[in-house]
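# An overview of the molecular structure
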Amino acid sequence: MVSTKEYFQNVWDALKTTAIGMRITGKYLMQKPITVQYPDERLPIPDRYRGIHYLEQEKCINCLACARACPIDCIEMDAIRHGKELEWVAFTLDYQKCMFCELCVYPCPKDCIHMGTEFALVTYDRSELNHDLLSFQGMGRGARIRMREAQAKKAAKEKAKAAAAAKKADTEKDADEPEAAGAGTGGDE
Ligand code: SF4
Ligand code: SF4
């Protein structure tokens, strides 16, 4: 059985603690909320944040410098070379292994692999963590045009070379014929 004194003490404690709580609530009531409704809202991310990589594929020369610099072999790439142009097969980065150290970025001679500001790697399937960094498979439009131009140039060069060789052969033949004719006349005398 609660005594009258205890009863009023409990009432007082309840009012007092509610007032303390409401004072804290009141302090933040008029302030701008600091809660971020992720993923609909995101805090600003610093430019030098080391997030998920992205590749400027058109600039990449398949030199493997980034893959060799990676201490845990996360990067794999494959491309077929057609003269100076590349036909891309694969360029993957495995985020099951990556430790976001950025060591792959510095040695790139073309400055074409970067770490971006994206960080969400949530997935139900681990195989999805092996990211494909290619924006397109095969050859890029620019590369295809450049390759066709180079092939046309080469064909024209070879044609000109063949024509020059044929012309030279004709000239040598023409030069040989009078000599042969002259030799024939001398025999008759
Ligand atoms: S950030 Fe580090 S671990 Fe990840 S791919 Fe680049 S070099 Fe490898
Ligand atoms: S170092 Fe740069 S240019 Fe070389 S393969 Fe990697 S991304 Fe491409």
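Keep in mind the model is a prediction, meaning the values are calculated, not measured.

Parameters at a glance
- Residues numbered from 1 in each chain as written.
- Chains lettered and ligands numbered in written order.
- Predicted model: local features only at pLDDT ≥ 70, side-chain atom pairs only at ≥ 80, totals over all residues.
- Domains from an automatic or database assignment.
- Contact = placed C-beta atoms within 7 Å.
- Nonpolar A, V, L, I, M, F, W, Y, C, P; charged D, E, K, R; others polar.
- Helix = DSSP H or I, 4+ residues; strand = E, 2+ residues; numbered from the N terminus.
- Buried ≥ 20, exposed ≤ 12 C-beta atoms within 10 Å, placed from the backbone.
- Pairing = 2+ DSSP bridges.
- Near = placed C-beta within 6 Å.

We now examine the domain arrangement of the protein. According to the domain assignment, the protein contains domain 1 (53–139) and domain 2 (140–173). Spacing between the C-alpha centres of domain 1 and domain 2 amounts to 37 Å. Counting residues at the interface gives 7 residues for domain 1 and 7 residues for domain 2. A class-by-class count of the residues in the side of domain 1 that touches domain 2 yields 3 nonpolar, 2 polar and 2 charged.

Bringing the environment of Trp-88 into the picture now. Tracing the sequence through the fold places Trp-88 in strand E3 (residues 85–94). Taking the C-beta count within 10 Å as the criterion, Trp-88 has 20 such neighbours and is therefore assigned buried. The spatial distance from the C-alpha of Trp-88 to the C-alpha of Gln-57 is 9.1 Å, given a sequence separation of 31 residues. When sequence neighbours within four positions are dropped, the list of residues in contact with Trp-88 reads Gln-57, Ala-79, Leu-134, Gln-137 and Gly-138.

Attention now moves to unusual backbone geometry. Glycine aside, the phi torsion of most residues is negative, and most peptide linkages are trans. In this model, Tyr-38 is joined to Pro-39 through a cis peptide bond whose omega is 5°. Following the sequence through the fold, Pro-39 ends up in the loop between helix H1 (4–29) and strand E1 (53–55). Phi at Leu-64 is positive, roughly 70°, even though this residue is not glycine. Checked against the element boundaries, Leu-64 lands in the loop between E1 and helix H2 (65–69). C-beta crowding within 10 Å serves as the criterion here: with 12 such atoms nearby, Leu-64 is assigned to the exposed category. Even without being glycine, Asp-111 reaches a positive phi, approximately 50°.

For strand E2 (residues 75–82) and E3, the ladder comprises 8 bridges, and the chain directions are antiparallel. In the strand pairing of E3, Glu-76 is matched with Thr-92. The loop that links E2 with its antiparallel partner E3 comprises 2 residues; one of these, Gly-83, has a positive phi angle of about 65°.

All right, on to the site of ligand 2 then. The environment of ligand 2 is made up of Cys-60, Ile-61, Asn-62, Cys-63, Leu-64, Ala-65, Cys-66, Cys-108, Pro-109, Lys-110, Cys-112 and Ile-113. Counted by class, the shell around ligand 2 contains 10 nonpolar, 1 polar and 1 charged residues.

Taken together, 13 residues lie around ligand 1, and Cys-70, Cys-74, Cys-98, Cys-101 and Cys-104 are the ones closest in. Of the residues assigned to the shell around ligand 1, the class counts are 12 nonpolar, no polar and 1 charged.

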